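Below, each chain spelled out in residue letters.
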Amino acid sequence: CGFSVGEASANTISKSEKGMFGIFAGAVPQNLRKLTLEGVERIPDTAHMFHSCSSLEELYLIEGENFAETYVDNYYSGKFMYCTNLQSILGTPLDMSRGKNYNVCFKGCQKLRHVRFKPLTISYDLDLSDCSALMKGKYGASSDNPGTLLSIVNGVREYRSELGQITIKFSALVKDYLTSWRCVQNSETGLYVASTQGMTLATVLTNNKGVVIA
């Protein structure tokens with residue numbers, strides 16, 4: 001199913017700071033496999049929005065230009081927590097600059113394989129240790145694909161010494177891909193793209209982005 005988020009509904013969704021599709025909203029949808037939300041940029045607080053929506057497999061989040069005046073620091077806290085069957089987060093890349101606390105955002109998302117982050121917006125510690133399928137492609141794809149891991153690399157803010165390091169936790173299996181897949185930086189866009197040469201994704205994260213891989 002799909003919904004378009006209006007101004008009034010955006011405030012209602014945020015009112016409880018728990019989210020309408022999550023466990024704290026009451027009865028969690030039991031048979032919801034695919035969901036599209038358009039206009040999600042209106043919502044000032046999406047904490048725990050999909051918490052324990054375990055039937056969800058594909059999620060489309062589509063943004064327009066009707067941005068909220070402010071977003072809460074806990075915007076991403078628990079947002080996809082225990083979405084145990086969620087495989088793809090599609091649509092507009094996640095703008096991680098909207099929150100300062102990514103606490104348990106992806107906890108229990110062991111099947112998540114496709115997600116995209118807006119470049120240079122990941123600025124705080126991020127725990128992806130439960131997401132052991134991040135090296136896979138889109139929902140239904142059979143072969144490995146570096147797209148999600150490259151999006152994480154490009155999503156991390158540019159490193160300056162005064163910013164300090166951030167920690168990103170990965171599963172042991174994903175770490176193997178980070179140390180084997182390579183990339184080069186596109187001179188026009190500044191973004192990293194997959195390559196058979198260049199540095200490993202892990203090297204870019206640690207040396208160029210100031211990330212501690214845990």
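Structure report, in brief.

Criteria and thresholds
Residues numbered from 1 in each chain as written. Predicted model: local features only at pLDDT ≥ 70, side-chain atom pairs only at ≥ 80, totals over all residues. Heavy atoms only, no water. Phe/Tyr/Trp six-rings, centres within 6.5 Å; stacked < 30°, edge-to-face > 60°. Helix = DSSP H or I, 4+ residues; strand = E, 2+ residues; numbered from the N terminus. Buried < 20%, exposed > 50% of the residue type's maximum accessible area, 1.4 Å probe, protein only. Lys NZ or Arg CZ within 6 Å of the ring centre and 35° of its normal. Contact = heavy atoms within 4.5 Å. Polar contact = N/O pair within 3.5 Å; in protein donor to acceptor, adjacent residues only side chain to side chain. 1 Å grid on protein atoms, 1.4 Å probe; cavity = no way out; pocket = protein on both sides within 12 Å on 5 of 7 lines; lining within 4 Å. Points joined across faces, edges and corners; volume = space filled by probe spheres on them. Nonpolar A, V, L, I, M, F, W, Y, C, P; charged D, E, K, R; others polar.

In this section: the packing of aromatic side chains. For the structure on display, the rule yields eight aromatic pairs. A centroid spacing of 5.8 Å and a plane angle of 5° characterise the contact between Phe50 and Phe80, whose relative ring orientation is stacked. Of this pair, Phe50 sits in the loop between strand S2 (34-38) and strand S3 (58-62) while Phe80 sits in the loop between S3 and strand S4 (88-91); the two residues are 30 residues apart in sequence, bridging distant segments of the chain. Neither Phe50 nor Phe80 differs from the other in exposure class; each is buried. A ring pair is formed by Phe80 and Phe106, whose centres lie 5.4 Å apart and whose planes are at 20°; its orientation type is stacked. With Phe80 in the loop between S3 and S4 and Phe106 in the loop between S4 and strand S5 (126-128), this residue pair connects regions lying 26 residues apart in the sequence. Pairwise contacts between aromatic rings join Tyr71, Tyr75, Tyr76, Tyr102 and Tyr124 into one cluster. The ring of Tyr71 carries the charged tip of Arg98 above its face, separated from the ring centre by 4.7 Å.

All right, on to the environment of Val184 then. With respect to the helices and strands, Val184 occurs in strand S7 (residues 182-185). Ignoring sequence-local partners within four residues, the contact set of Val184 consists of Leu191, Tyr192, Val193, Ser195, Gln197 and Gly198.

Our focus in this paragraph is the environment of Tyr192. Relative to the elements of secondary structure, Tyr192 occurs in strand S8 (residues 192-195). Sequence-wise, Tyr192 and Val153 are 39 residues apart; in three dimensions their C-alpha atoms are separated by 7.6 Å. Side-chain polar atoms of Tyr192 contact the side chain of Asn208, separated by 3.1 Å.

Here the focus is empty space enclosed by the protein. Under the definition given, this model contains one cavity of 30 Å³ or more. Taken as a whole, the largest cavity holds about 80 Å³ of empty space. Around the largest cavity, the lining is made up of 14 residues, and of these Val40, Leu61, Glu63, Tyr75 and Lys79 lie nearest the centre. Considering only residue class, the lining of the largest cavity consists of eight nonpolar, two polar and four charged.

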